[in-house]
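Coordinate inspection notes
Residues per chain, in single letters:
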Amino acid sequence: CKVHKRFRRSASSTAHDVDGNGRVVRPDDARDQLTISFGTGEVTGVFVEDNVCFGADAHSQSCVSMKFVAATEMSEDPFKDFTFDGVLGLGLPTLSHASGFSFLEAVSVLTKEKGSAFTKTFALFLASHEEETSKITFGGWDEQHLDDNEVRWNPVVEPEFGHWMLEIKSLRVDGQVLSFCEKGCKAVVDSGTSLLGVPSDIFPELYELLNHAASLEGECHSQSPHLEIELDGLTMTLDGEDFAHLEEHQSANVTQEWGSQRTNSQDQTRDDMTCSPMLMTIDLPEPIGPKLFILGEPVLRKYYTIYDAERQRIGFGLAQHTPKQARILGYESEEAWFDEAEKEAMLEEQKVVQKNQRIEHGTAPDIEAEKKTVVNNKAKNSRLPFLAIAALLGLLLAASSYNGRPAAPTLDNKPCWI
C-alpha cells in the first residue's frame, strides 16, 4: 500500500465508517471486511462512505455521496507494479457489492442535474501515442472522438452478471471463418486488459494465423493479416498495427539457391523483424465461459466505445486519432531542422570571416599558421553542402517511410482504467 497515494479517512470531515449493508459503524464496534480478487492478486479492505467530487476547483465542484472499499491490504503481485492508486469500477450496477456502491448509479445523480438524457452512460477514448490524451466522458459521449460520427450499438448479453459482455457471431482471419465460434462465443469489453484475451483452446491457431513478418519499412500494418470479429451490430476489423508488436531477431542470412526466385511476400517483408500478436489466454468456467474473449486495449484504441447502462448496450465507432508528428533527424519538424542547419552554416561563415580579418592584421609567422587554420576551416565548411544533402536525403527517406499512422502508446499515456 505504501508505494501508492492513500486515502486518509481521519482527514475527511464527511467520511463515515460503514458495514457492507451501509449501516454506520460506531468507533468501538467491529466492522465488516471484504476480500476482492483482481487479476492475479487480491485486495482486502473495509467499507467507507464519503463524498466523491468532480473538478479541481473546490468552489465549482460537483459532489455526490457513495460507498466504496478502502484497501487495508493488497497483494504485491500485481499491485506493487501498478502506476495507478485505485480502481474505479464501471461495471453494470448488478456487479456492485450492494446498493450505494455503484459509481454509475451515484454519478447519474449529477448527470441528471446537468440535464443529460444519458444519465447512466459513459464513453472511453484511449490515446494511441504520447501526443494524445485519454479521456472518459460521463453523461453521454464526445462526438469529436468519432472518425465518421457513426455509432453502431450492440446489446449486452446476460447483464445479470454485471459485465459489459457481447455475443460474437463469427471470428475470421482474412475472411477465413474459424470453427471455434461456429456454435457461439462471447466477449467482455475491458479497459483494464492491455492485450486481447482468448481461450486457451484457440490460442495456438489464432497466434499462428496472426503472426507475420514486418514490412521492409519495419511496420506491422501493410503486410498484416486481418482479424474480423463479427458482433450483432458491426464487424470489427483489426490489423497488425492494432494487435501486434515488433520483435527484432537475428537474420537467418540464408543464401538463396542459384536460379530460385523470391516470392512476392518475401520481396515486401524482412526476416529480422516479426510482428507478434498481443494475445493472452483466458479460461473461465460456465456460465460466463468457456468460450469467452476479452476485448482489451487493442480494440479500445481503434474504436471509441460508449457504455449505456440504462439501455444495456455498447456503442462502437472508429476513433478519431490525431496523427503523430514525425520527428525528423531528432527535430520536431522539417522547418526546425532547416532553421538549425541555417544557423550552423551562418556561425561557420562568421568564424571564417573573423579568422580572415585576424590574418590581415597579423605577423608573417601568424599569417602562415592562420592560413593553415583557414584552409582546414574551408575544407570543413565545404563539407556543409554535402552534409546538408545527406541530411535532406535522410529527411526524404523518413518522410516517405512515415505512413501517417500513429505509433503504439507508451505507459506515459496513463489511460483511464475501468
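Counting restarts for each chain: residues are numbered from 1 in the order of the written sequence. Local features in a predicted model are, by the rule used here, given only for residues with pLDDT of at least 70; side-chain atom pairs are given and counted only at 80 or more, and totals for whole chains, interfaces and linings are based on all residues. For side-chain calculations, the full set of non-hydrogen atoms in the structure is used, while hydrogens and water are omitted.

**Overview of the sheet that holds strand β21 (residues 313–318)**
Read across the sheet, five strands follow the order β6-β5-β20-β21-β7 without closing on themselves; strand pairing throughout is antiparallel. The open sheet has two free edges, formed respectively by β6 (135–138) and β7 (152–155), since each of these has just one partner strand. Strand-to-strand twist of the sheet, defined as the mean angle between neighbouring strand axes without regard to direction, takes the value 20 degrees. Looking at chain direction, β7 and β21 are connected through four bridges and run antiparallel. In the sheet register, Arg152 faces β21, and the bridge partner there is Phe316. Strand pairing follows a simple DSSP-based rule, namely that at least 2 bridges must link the two strands. Numbering of helices and strands runs from the N terminus; a helix is a DSSP stretch of H or I covering at least four residues, while a strand is a stretch of E covering at least two. Lines are fitted to the C-alpha atoms to define the axes, a helix being fitted only along its stretch in contact, and any angle between axes, read from their N-to-C directions, falls within 0 to 180 degrees.

**Structural notes on the state of the cysteines**
Any cysteine sulfur atom paired with another within 2.5 Å is treated as part of a disulfide. Counting across every chain of the model gives three disulfides. Cys53 shares a disulfide with Cys63; S-S distance 2.0 Å. Because the torsion about its S-S bond is 110 degrees, the bridge between Cys53 and Cys63 counts as right-handed. In this pair, Cys53 sits in strand β3 (residues 41–54) while Cys63 sits in strand β4 (residues 62–74), placing the two residues ten residues apart along the sequence. Remark: exposure states derive from per-residue accessible area (1.4 Å probe, protein chains only) relative to the maximum for the residue type, with buried under 20%, exposed over 50%, and partly exposed in between. Judged by relative accessible area, Cys63 falls into the partly exposed class, the value being 37%. The disulfide that involves Cys220 links it to Cys275, with 2.0 Å between the sulfurs. The sign of the S-S torsion, about -95 degrees, decides the handedness of the disulfide formed by Cys220 and Cys275: left-handed. Residue Cys220 is found in the loop between β13 (212–215) and β14 (227–230), and its partner Cys275 is found in strand β17 (residues 269–277); the two are separated by 55 residues along the sequence. Across the pair, Cys275 and Cys220 agree in class, each one buried.

Remember that the coordinates give geometry; whether it matters functionally is a separate question.
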